[in-house]
Amino acid sequence: MQLGKDEWKTPFFYDIHDLCEREIMYRNREREFFIMKKKGKKIVITVVVSLMVLIAILGIGMSLIVGKMVAEGLLYQNEGNDTKQNSIKQLEVWGFDLEGFEETYQGEDFVLEAADGVSVPGTYYEADEMSDETVILVHGLDGDRVCMAPLAKLYLENGWNVLTFDQRAHGDNSDDKVSFGYFEARDVECLVDYARQVLGAEKVVVHGQSMGGATTGIYATTQHAREYVDAVVLD
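Source: prediction; values computed, not measured.

*Asks:* A description of the overall build of the protein should follow, citing residues and the corresponding values.
*Replies:* When helices and strands are tallied, the protein shows seven helices and six strands. The secondary structure elements of the protein, listed N-terminal to C-terminal, are α-α-α-β-β-β-α-β-α-β-α-α-β. Taking all 235 residues of the protein together, 33% fall into the buried category. For the protein, the share of sequence-separated contacts (at least 6 apart) that also reach a separation of at least 24 residues comes to 72%.

*Asks:* Could you give an account of the packing of helix 5 (residues 184-198) against helix 6 (residues 211-220), with specific residues and numbers?
*Replies:* Where helix 5 contacts helix 6, the axes come no closer than 8 Å and their chain directions differ by 70 degrees. Between helix 5 and helix 6, the crossing angle belongs to the class labelled roughly perpendicular. Across from Glu-184, Ala-185, Val-188, Glu-189 and Val-192 in helix 5, the residues of helix 6 making contact are Met-211, Thr-215, Ile-218 and Tyr-219. A class-by-class count of the residues in the contact of helix 5 with helix 6 yields six nonpolar, one polar and two charged.

*Asks:* Go over the sheet that holds strand 5 (residues 203-208) with me, naming the residues and quoting the values.
*Replies:* Adjacent strands of a sheet form backbone hydrogen bonds with each other and so pair up, either parallel or antiparallel. If you walk across this open sheet you meet the six strands as 1-2-4-3-5-6, and the pairing is mixed. The open sheet terminates on both sides in strands that have one partner only, identified here as strand 1 (108-113) and strand 6 (231-234). Averaged over all adjacent pairs, the angle separating strand axes in this sheet is 25 degrees, with direction ignored. Sheet topology places strand 5 next to strand 6; four bridges connect them, and they run parallel. The residue of strand 6 that forms the bridge with Val-205 is Ala-231. Sitting on the sheet, helix 4 (residues 149-157) touches strand 2 (119-125), strand 3 (133-138), strand 4 (161-165), strand 5 and strand 6, and the angle it makes with strand 3 is about 170 degrees.

*Asks:* Before we move on, could you go through the packing of aromatic side chains and cite the residues and values that matter?
*Replies:* All told, the structure shown has six aromatic pairs when counted by the stated rule. Taken together, a centroid distance of 4.7 Å and an interplanar angle of 20 degrees make the contact between Phe-110 and Tyr-194 stacked. Of this pair, Phe-110 sits in strand 1 while Tyr-194 sits in helix 5, and the two are 84 residues apart along the sequence. In terms of burial, Phe-110 and Tyr-194 fall into one category: buried. Chaining the aromatic ring pairs together yields one cluster made of Phe-96, Phe-101, Tyr-105 and Tyr-125.

Basis of the calculations
- Residues numbered from 1 in each chain as written.
- Predicted model: local features only at pLDDT ≥ 70, side-chain atom pairs only at ≥ 80, totals over all residues.
- Heavy atoms only, no water.
- Helix = DSSP H or I, 4+ residues; strand = E, 2+ residues; numbered from the N terminus.
- Buried < 20%, exposed > 50% of the residue type's maximum accessible area, 1.4 Å probe, protein only.
- Contact = heavy atoms within 4.5 Å.
- Axes fitted to C-alpha atoms, helices over the stretch in contact; angles between N-to-C directions.
- Parallel < 35°, antiparallel > 145°, perpendicular 65-115°, else oblique.
- Nonpolar A, V, L, I, M, F, W, Y, C, P; charged D, E, K, R; others polar.
- Pairing = 2+ DSSP bridges.
- Phe/Tyr/Trp six-rings, centres within 6.5 Å; stacked < 30°, edge-to-face > 60°.

Just geometry here; none of it tells us what the structure is for.
As structure tokens, then:
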């Protein structure tokens, strides 16, 4: 069947050119939509990644700040803390007669120097009878060497010479940082050398209480302890 010239213009037929333009327009819009969608995804990913990086940076920064505050709080915890008075108060709580002890046993004060240059003050008590046995007493946190008087009395009564000293950031020690035994072990080392080389001790024992036990334990792991100490007590 052949269509007449004018029949191509009826409503049942579309102009091929117009149809093509519509198809091209539709495809262009579709392509623009996908491009915008893709760009949108990239923007969202970029924003999310940026936020994650920012949160991570803030988290690390806060961790460093808090960590620094905690570390300084631990290291310098005795700043403004009267550790000497703390020892006296503790002895009063225990009912220990400090004056009577000091009248009976005349201690000799000394100052040594640790391997890292820290000044280590101490007191030497000599047993009534000549003895070649010496114990080094290591006090705990927040006190000083005076709080070891009850234990010193016990050793002295059993014929041992006694060395007491102030751990770092305690008493008259020149260092103001508490390292819970890590650096304090160097102080013990110089006390052991003093007992061996100056006092001529044949037997040396290190007895630590509380944090002093931690200091003693750390020192006990060293080659120096294995060579020059006969025993350690972690109390």
